[in-house]
Amino acid sequence: MDTTQPTIALIGHGIMGEAILSGLIRDGLTPADHILAAGPRVDRGEELRDRYGIRPFTDNRAAAEQADVVILSVKPQRLDRVLENLRGHIQPDALIISIVAGASIEKIATQLGHSCIVRSMPNTPGQIGEGITVWVPSPSVNEEQKKTVRQILGALGQEIFVEEENYLDMATALSGTGPAYVFLFLEALIDAGVHLGFPRRIAEQLVLQTVSGSVDYYRRKKAHPAALRNEVTSPGGTSAEAIYYLEKAGFRTAISRAIWAAYERSQELGKDKPTGQLKENS
Ligand SMILES: NC(=O)C1=CN([C@@H]2O[C@H](COP(=O)(O)OP(=O)(O)OC[C@H]3O[C@@H](n4cnc5c(N)ncnc54)[C@H](O)[C@@H]3O)[C@@H](O)[C@H]2O)C=CC1
Ligand SMILES: O=C(O)[C@@H]1CCC=N1
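Thresholds, definitions, all that
- Residues numbered from 1 in each chain as written.
- Chains lettered and ligands numbered in written order.
- Predicted model: local features only at pLDDT ≥ 70, side-chain atom pairs only at ≥ 80, totals over all residues.
- UniProt positions renumbered as here; feature names shortened; annotations may be inferred.
- Near = placed C-beta within 6 Å.
- Helix = DSSP H or I, 4+ residues; strand = E, 2+ residues; numbered from the N terminus.
- Nonpolar A, V, L, I, M, F, W, Y, C, P; charged D, E, K, R; others polar.
- Pairing = 2+ DSSP bridges.
- Axes fitted to C-alpha atoms, helices over the stretch in contact; angles between N-to-C directions.
- Contact = placed C-beta atoms within 7 Å.
- Parallel < 35°, antiparallel > 145°, perpendicular 65-115°, else oblique.
- Left-handed = near helix turned anticlockwise from the far one by under 90°.
- Buried ≥ 20, exposed ≤ 12 C-beta atoms within 10 Å, placed from the backbone.
- Expected span 1.5 Å × (residues − 1).

An unreviewed UniProt entry annotates the chain as Pyrroline-5-carboxylate reductase originating from Longilinea arvoryzae. On record in UniProt, under Function (unreviewed entry), the comment for the chain is "Catalyzes the reduction of 1-pyrroline-5-carboxylate (PCA) to L-proline." The UniProt entry for the chain carries this comment under Sequence similarities (unreviewed entry): "Belongs to the pyrroline-5-carboxylate reductase family."

What follows is the structure, encoded as structure tokens:
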């Protein structure tokens, strides 16, 4: 093992834990034997070891004690117990990166008894390096550590540094949760196509290319979305008819209210003992 390379411990090796470790390995940032992935499920650890060559652990402390960087990637409802268990088992100069929705820097620092914390919010497209992560450091994170954070989070796609922690609950609602809105929209369009009478395969192809082509077009034209929508909307035509019904049904307001609700839920998840049932070991 090359002792000049930082050792990274993931506490929680579910969907996002795997996204991070696979990105680090894919980008050649961390050798697989420097990644320690901890979680209660032995089968999951073995699966990740076989797929990537990382070192699995069932004992969070044993992984964290060896790590220069500790990444917290458990569900918010598990966090209190995990932090309590890790307290006193973190190297004094270790950097902690949390991706846990809602959990504030202050909460993590107090419960862990450690001040060098980064709070971040990635999203699932990070699994293919196409995600976006917003992050905020505590005051004791130094410039060298910020570089490390950029590299680690950069393995998931784009990263945005912010100075105000409140942006993290906002990012959780907009970009962290964002893929769920996009997939719901895709699903609704495909089902509408099937309702019209298209075979599902054709409906999926039409929707996927329409959505990805529109996103690419928007990216390239750099025009306001309303201007691009107007290009589609002929007087007395089909788009005007469809948009009339969407607006009448409260499309925009529903989206805005949903994102506010997600923002408020992120704030609630940061409180002690957040509600929400978890299955064993999830
Ligand atoms: N899924 C998403 O879209 C995003 C999730 N997040 C945050 O990432 C965190 C993890 O979420 P997911 O990866 O989606 O969840 P997940 O359920 O896929 O992964 C959680 C992992 O933690 C493990 N675990 C359970 N108890 C544990 C313990 N005591 N110690 C160590 N590991 C334990 C579970 O076995 C599981 O593998 C959450 O806090 C979530 O808020 C952040 C951004 C996006
Ligand atoms: O649903 C959740 O709580 C997580 C946080 C960001 C995306 N999913």
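Next comes the rest of the account.
1. Quick word on the site of ligand 1
The environment of ligand 1 is formed by 29 residues, the closest being G12, G14, M16, V100 and A101. Those elements that place two or more of their residues in the shell around ligand 1 are α1 (15-26) and α4 (76-86). Taken together, the residues that form the shell around ligand 1 break down as 13 nonpolar, twelve polar and four charged.

2. A short note on the sheet that holds strand β7 (residues 131-137)
Spatially, β3-β2-β1-β4-β5-β6-β7-β8 is the arrangement adopted by the eight strands of the open sheet, whose pairing is mixed. Every other strand in the sheet has two partners, leaving β3 (55-57) and β8 (157-161) as the edge strands with one partner each. In this sheet, neighbouring strand axes are inclined to one another by 25 degrees on average, regardless of whether the strands run parallel or antiparallel. Examined bridge by bridge, β7 and β8 share five bridges and lie parallel to one another. Note on β8: the bridge partner recorded for G131 is G157. Against the sheet, helix α7 (residues 166-176) touches β6 (117-121) and β7, its axis set at about 175 degrees to β7.

3. Quick look at the UniProt feature "domain: Pyrroline-5-carboxylate reductase dimerisation" (unreviewed entry) in the chain
In the numbering used here, UniProt assigns the feature "domain: Pyrroline-5-carboxylate reductase dimerisation" (unreviewed entry) to residues 165-269. For residues 165-269, helix accounts for 86% and strand for 0%, while the C-alpha atoms at its two ends are 15 Å apart.

4. Some points on the packing of α7 against helix α12 (residues 251-269)
Packing of α7 against α12 leaves a shortest axis separation of 8 Å and a crossing angle of 135 degrees. Regarding the angle of α7 to α12, the classification is oblique. Relative to α12, the crossing made by α7 is right-handed. Note on element contacts: α12 touches α7 through I259, A262, Y263, S266 and Q267, opposite D169, M170, T172, A173 and L174. Tallied by class, the residues present in the contact of α7 with α12 amount to six nonpolar, three polar and one charged.

5. Details of the UniProt feature "binding site: NADP(+)" (unreviewed entry) in the chain
Under the present numbering, the feature "binding site: NADP(+)" (unreviewed entry) in UniProt falls on I11, G12, H13, G14, I15 and M16. G12 sits in the buried class, given 22 other C-beta atoms within 10 Å. By the element assignment, I15 lies in helix α1. When the 11 C-beta atoms within 10 Å are taken as the criterion, I15 is described as exposed.

6. Examining α1
Here α1 spans 16 Å end to end across twelve residues, near enough to the 16 Å set by a 1.5 Å rise per residue. Within α1, nine of the twelve residues are buried, leaving the element largely enclosed by the surrounding structure. When we look at burial in α1, the residues that qualify are M16, G17, E18, A19, I20, L21, S22, G23 and L24. Looking at the buried side of α1, the elements it contacts are β1 (8-11), β2 (35-38), α2 (42-52), β4 (69-72) and α6 (143-154). At the exit of α1 stands G28, carrying a positive phi of roughly 65 degrees.

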